[in-house]
Each structure stands twice: as structure tokens, then as C-alpha cells.
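If you want the building blocks of each chain, they are given just below.
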Amino acid sequence: MREPSVYIMASRRNGTLYVGVTSQLGERAWQHRTGVVPGFTRRYGCKLLVWYERYERMDEAIAREKQIKAGSRARKLALIEAINPTWRDLYDELA
């Protein structure tokens, strides 16, 4: 099922962060975790899904992604810590 989502992947607690948007969060998070797609997340080892928000429409998700990317690292860390203070991998919750 397609469900627009904005998400943050991390290499480790307070490590490298990647902000993305997708219509299939489970599949996209799996791609990052396994490194099947070359790019930033594979290069920097961003394998932990540490934060996400779901939306009804893709344009809303894209606008939110841009807002998060334009924000400071401190704001990204605050988003993560607000819902996931232990930085656990949220991938298993998607099933």
C-alpha cells in the first residue's frame, strides 16, 4: 500500500543523518538497510530508521521533507529524540 512518508535514517546515535521521502516506507527503509541502492546512505552507513511521519498526500510529504532538510541539525535531533529518545531502529514497527 502506498502511503507518503518522510523519514530519517541514521548511522548510529548522533551519527550521520539522511532525510528522505517515499511512498513505500517499508521497502525504502529495507533498501537503505541492505545497501542495495548506491548513494549517500550506503556510503555513510545510514541503516537505522530513527524517525518517520506519514501523510495522506505526497505533496504534503515533500513539503515537510524540504522543511526538515532546511532546518538545522539540532532540529533534526530534536525531532528524533521527541519520539525515539533511545534511537532504536523503528524498521520492525513497520510490519
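Before reading further, recall that the structure is shown in the block above.
Residues numbered from 1 in each chain as written. Predicted model: local features only at pLDDT ≥ 70, side-chain atom pairs only at ≥ 80, totals over all residues. Heavy atoms only, no water.

With respect to the overall build of the protein
Our working rule: For the purposes of this entry, the term helix denotes a DSSP run of H or I that reaches at least four residues, the term strand denotes a run of E that reaches at least two, and both are numbered from the N terminus. Radius of gyration here is computed from C-alpha atoms only, and the compact-globule reference equals 2.2 Å multiplied by the residue count raised to the power 0.38. Type-normalised accessible area, obtained with a 1.4 Å probe on protein chains alone, sets the label of each residue: buried when under 20%, exposed when over 50%, and partly exposed for intermediate values. The contact definition used throughout considers only heavy atoms, calling two residues in contact when any of these lie within 4.5 Å. What sets the accessible areas is the Shrake-Rupley method with a 1.4 Å probe; for residues, cover comes only from the shown protein chains. The charge count treats Lys and Arg as positive and Asp and Glu as negative. His and the chain ends do not count. By convention, the charge on Lys lies at NZ, on Arg at CZ, on Asp at CG and on Glu at CD.
Tallying secondary structure elements over the protein gives 4 helices and 3 strands in all. Relative to the globule expectation of 12 Å for 95 residues, the C-alpha radius of gyration of the protein, 12 Å, shows essentially globular dimensions. With the C-alpha coordinates aligned to their principal axes, the bounding extent of the protein is approximately 30 × 30 × 25 Å. Sorting the 95 residues of the protein into buried and exposed places 37% on the buried side. Sequence-distant contacts in the protein: of pairs separated by 6 or more residues, those separated by 24 or more amount to 63%. Put simply, the protein shows about 5600 Å² of open surface, and 50% of that area lies on carbon and sulfur atoms. Taking the average place of the 17 positive charges on the side chains of the protein and the average place of its 11 negative ones, the gap between the two points comes to 9 Å.

Some remarks on unusual backbone geometry
You will see that N14, though not glycine, has its phi angle at about 60°, which is positive. Looking at where N14 falls in the secondary structure, it is placed in the loop between strand 1 (5-10) and strand 2 (17-22). Given the relative accessible area of 41%, N14 is considered partly exposed. We note that W87 has phi near 60°; this positive angle belongs to a residue other than glycine. Along the chain, W87 turns up in the segment after helix 4 (73-83).

Concerning a nonpolar patch on the surface
Applicable threshold: Every patch collects residues that have over 30% relative accessible area and no salt bridge, joining them within 9 Å if they carry like charges and within 5 Å if they are nonpolar side chains (Val, Leu, Ile, Met, Phe, Trp, Tyr). By convention in these notes, a salt bridge is any Lys or Arg side-chain nitrogen within 4 Å of a carboxyl oxygen on Asp or Glu.
Nonpolar side chains collect at one region of the surface, where W30, V36 and V37 lie side by side and expose about 250 Å² of accessible area between them. Counting through the fold element by element, W30 comes out in helix 1 (residues 25-34).

Topic: the pairing of strand 2
Counted only if it meets this: Two strands are counted as paired when DSSP detects at least two bridges linking them.
Pairing of strand 1 with strand 2, which is carried by 6 bridges, proceeds in the antiparallel orientation. Bridge pairing in strand 2 links M9 to Y18. Adjacent in sequence and paired antiparallel, strand 1 and strand 2 are bridged by 6 residues, among which N14 carries a positive phi angle near 60°.

Limitation: the analysis is restricted to geometry and does not speak to function.
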